[in-house]
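Chain by chain, the residues run as shown.
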Amino acid sequence: MENTPVSIPQSFIQELLARVDVVDVVGRYVQLKKSGANFMGLCPFHGEKSPSFSVSPSKQFFHCFGCGKNGNAIGFLMDHAGMGFREAVQDLAQQIGMQVPDDENTSPQDRERAAAQRQKQATLTDVLEKAGDAWRRHLRESPRAVQYFKGRGVSGQVAKRYGLGYAPEGWRGLASVFPEYDSPLLEESGLVIVNEEDGKRYDRFRDRVMFPIRNVKGECIGFGGRVLGDDKPKYLNSPETPVFHKGRELYGLYEARNAIREHGYALVTEGYMDVVALAQLGFPNAVATLGTACTPEHVHKLFRFTDTVVFSFDGDAAGRRAARKALDGALPYASDTRSVKFLFLPAEHDPDSFVRAYGPEAFARHVGDAVPLSRFLLEAAREGCDLGTAEGRAHMLSNARPLWAALPDGALKRQLLTELGELGQLPAPDLAQLALADAPGDHVVRAG
Ligand SMILES: [Zn+2]
């Protein structure tokens, strides 16, 4: 559910749908061929080798004879590109130069500001795309960078799919790509750093292999760069910019979105090299957070594409801490129809090294055996508590309370209450009362 309270008038939606062409919209994502009155292509919603996905220009509808998926241009963007309703409408309107009506209360100034902001964002993604193109060319010319990726087992095909590149050594390499190196856009896009003291400018990314970060529409919104050797910092990301927000974006989601549907789950890892290596090793459904803990927004975004999310963590203490943060992020979305699991690898491994050492089958088995959210919640609650004492049990329950309260209502939440009751040796009704009474943010009026 989108948390935009403003509704868009139905008349606007009608006009929008009359003016966009679903063939163009779908054609941005799926290769279509004219076939009679319609266009056909490989269905992006289910894996297939011969096309059964049809797009009708006269009906302005798409329909798959294989899996039955169908809808209009807005539905396509929501289902395929993972956009929210308003986002999809906005996207379509922008393409044909229509202005989505805002809330009546919005002032003309606000409207102008919003339009200017969208314009700025489009400009920034263009600038970033251009830098990415240049770095892809540089990769081909740098045997050292090519060797780095080869050494990690990355094929040319996977490198292409992820748009990998290389930012060469030197302080102003991008000056050859952007003759107006002084343009404020280069600073705003995070490509160039301006020294505060002398105002001198230089490239942020130097002598690094480059991973473009794309939004769900496929636009380049930032980069991750990794050193080829052991220099520090090992990983460097674009700063927060008007188009890039670490807490919202997942590396590899654009590239993985079809595979997530085909594999039936999304695998969340900790680094972009994990994502690329896993894609190479048969897990193209992996994504990564960008040097931040997993946020509720990340989880929300993933659940637009799948009902099953598996978090993968390194088996060390840091991985365990990251898992706890991911648990907090996932709890509000762990409804009864969804599944969230936690995969812990042996301490010395990350997903890349694990698959290399034990093979894809072993990794797939580990994924299958991942710890369900309910069990991880119980483990997290009882950590450090001696359940042999009343104090320990009470402590465990107090740890569990905020976690349990964050779950959406449903059967899972109720079952966990029963389990917590057994573990804490309190009957569920008592527990419910305790939990509900003290849960932060909950306002429960109790009788008597
Ligand atoms: Zn289909």
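Please read these numbers as outputs of a predicted model, since none were measured by experiment. (Residues numbered from 1 in each chain as written. Predicted model: local features only at pLDDT ≥ 70, side-chain atom pairs only at ≥ 80, totals over all residues. Heavy atoms only, no water.)

## Section: the confidence of the model for the protein
- Looking at the protein, pLDDT values average 89 and 94% of them are 70 or higher.
- Ranking the elements of the protein by mean pLDDT puts helix α18 (residues 428-438) last, at 69, and strand β6 (residues 165-167) first, at 98. (pLDDT = per-residue confidence, 0-100. Helix = DSSP H or I, 4+ residues; strand = E, 2+ residues; numbered from the N terminus.)

## Some remarks on the sheet that holds strand β5 (residues 70-71)
- The antiparallel open sheet is built from 5 strands, whose spatial order is β1-β2-β3-β4-β5. Two strands close off the open sheet at either side, each with one partner strand: β1 (33-35) and β5.
- Here strand β4 (residues 61-64) runs beside β5; their pairing, made up of 2 bridges, is antiparallel. Residue His63 lies in a different strand from β5, and its bridge partner there is Asn70. (Pairing = 2+ DSSP bridges.)

## Observations regarding the nonpolar core
- In terms of nonpolar packing, the biggest core is built from 45 residues, with Phe311, Phe342 and Leu373 touching the most fellow members.
- Considering every element that reaches this core, the biggest residue donor is helix α15 (residues 373-382), with 6 residues.
- Of the domains in this structure, domain 3 (253-369) and domain 4 (378-438) are the two that each give at least three residues to this core.
- When residues no more than four places from it in sequence are discounted, the contact partners of Leu373 are Leu327, Ala330, Leu331, Ala334, Val340, Phe342, Leu407 and Leu412.
- Judged by nonpolar contacts, the second largest core, of 43 residues, contains Ala131, Leu164, Phe244 and Met273. (Core = buried A, V, L, I, M, F, W, Y, C linked by side-chain atoms within 4.5 Å. Buried < 20%, exposed > 50% of the residue type's maximum accessible area, 1.4 Å probe, protein only. Domains from an automatic or database assignment. Contact = heavy atoms within 4.5 Å.)

## Side note on the coordination of the zinc ion
- Surrounding the zinc ion are the protein donor atoms Cys43 (SG), His46 (ND1), Cys64 (SG) and Cys67 (SG), which sit 2.0 to 2.3 Å from the metal.
- Around the zinc ion sit 4 donor atoms; with metal-centred angles ranging over 102 to 119 degrees, the donor geometry is tetrahedral.
- Written as a sequence motif, the donor arrangement for the zinc ion is C-x2-H-x17-C-x2-C. Here the residue Cys43 occupies a position in the loop between β2 (38-41) and β3 (53-56), and Cys67 occupies one in the loop between β4 and β5, the gap between them amounting to 24 residues. (Donors = N, O, S within 2.8 Å, 3.2 Å for Na, K, Ca; no water. Tetrahedral: all angles 85-135°; square planar, octahedral: opposite > 155°, others 65-115°.)

## Topic: the pairing of strand β12 (residues 266-269)
- Burial of β12 is two-sided: the residues Ala266 and Val268 facing one way and the residues Leu267 and Thr269 facing the other way are all buried.
- Across 3 bridges, β12 lies against strand β14 (residues 308-313) in parallel orientation. Of the residues in β14, the one forming a bridge with Val268 is Phe311.
- With helix α10 (residues 272-280) bridging β12 and its parallel neighbour strand β13 (residues 286-288), the resulting β-α-β unit is right-handed. (Right-handed = clockwise from strand over helix to strand, strands pointing away.)

## Describing helix α5 (residues 108-141)
- With 34 residues, α5 extends 50 Å between its outermost C-alpha atoms, agreeing within 8% with the 50 Å of an ideal straight helix rising 1.5 Å per residue.
- The complete set of buried residues in α5 reads Leu124, Thr125, Val127, Leu128, Ala131, Gly132, Ala134, Trp135, Arg136 and Leu139. (Expected span 1.5 Å × (residues − 1).)

## Focus: the packing of helix α13 (residues 351-358) against helix α14 (residues 360-368)
- Interhelical geometry of α13 versus α14 gives an angle of 125 degrees and a closest axis separation of 6 Å. Taken together, the axes of α13 and α14 lie oblique to each other. Seen from α13, the contacting residues are Pro351, Phe354, Val355 and Tyr358; seen from α14, they are Pro360, Ala362, Phe363 and His366. (Axes fitted to C-alpha atoms, helices over the stretch in contact; angles between N-to-C directions. Parallel < 35°, antiparallel > 145°, perpendicular 65-115°, else oblique.)

## Structural notes on helix α16 (residues 390-406)
- Over its 17 residues, α16 runs 25 Å from end to end, which matches the ideal 24 Å to within 8%, given 1.5 Å per residue.
- Maximum bend of α16: about 35 degrees, positioned at Ala400, with proline Pro402 one to four residues after it.
- Those residues of α16 lying buried are Gly392, Arg393, Met396, Leu397, Ala400, Arg401, Leu403, Trp404 and Ala405. (Bend = angle between axes of the 7 residues up to and from the residue.)

## Comments concerning the packing of aromatic side chains
- Under the criterion given, the structure shown has 26 aromatic pairs.
- Taking 6.1 Å as the distance between ring centres and 20 degrees as the angle between the ring planes, the aromatic pair formed by Phe311 and Phe313 counts as stacked.
- With a centroid separation of 5.5 Å and an interplanar angle of 50 degrees, the aromatic rings of Phe344 and Phe376 are classed as tilted. Remark: Phe376 occurs in helix α15 and Phe344 occurs in strand β15 (residues 339-344); sequence separation between them is 32 residues.
- Judged by its relative accessible area of 18%, Phe344 is buried.
- Accessibility expressed as a relative area gives 3% for Phe376, which makes it buried.
- In textbook terms, an aromatic cluster arises when at least three aromatic residues are bridged by ring pairs, as seen for Tyr148, Phe149, Tyr162, Phe211, Tyr235, Tyr251 and Tyr272.
- Across from the ring centre of Phe344, 4.3 Å away, lies the NZ or CZ of Arg320, which sits over that ring.
- It is Lys413 that lies over the ring of Trp404; its NZ or CZ is 4.6 Å from the centre. (Phe/Tyr/Trp six-rings, centres within 6.5 Å; stacked < 30°, edge-to-face > 60°. Lys NZ or Arg CZ within 6 Å of the ring centre and 35° of its normal.)

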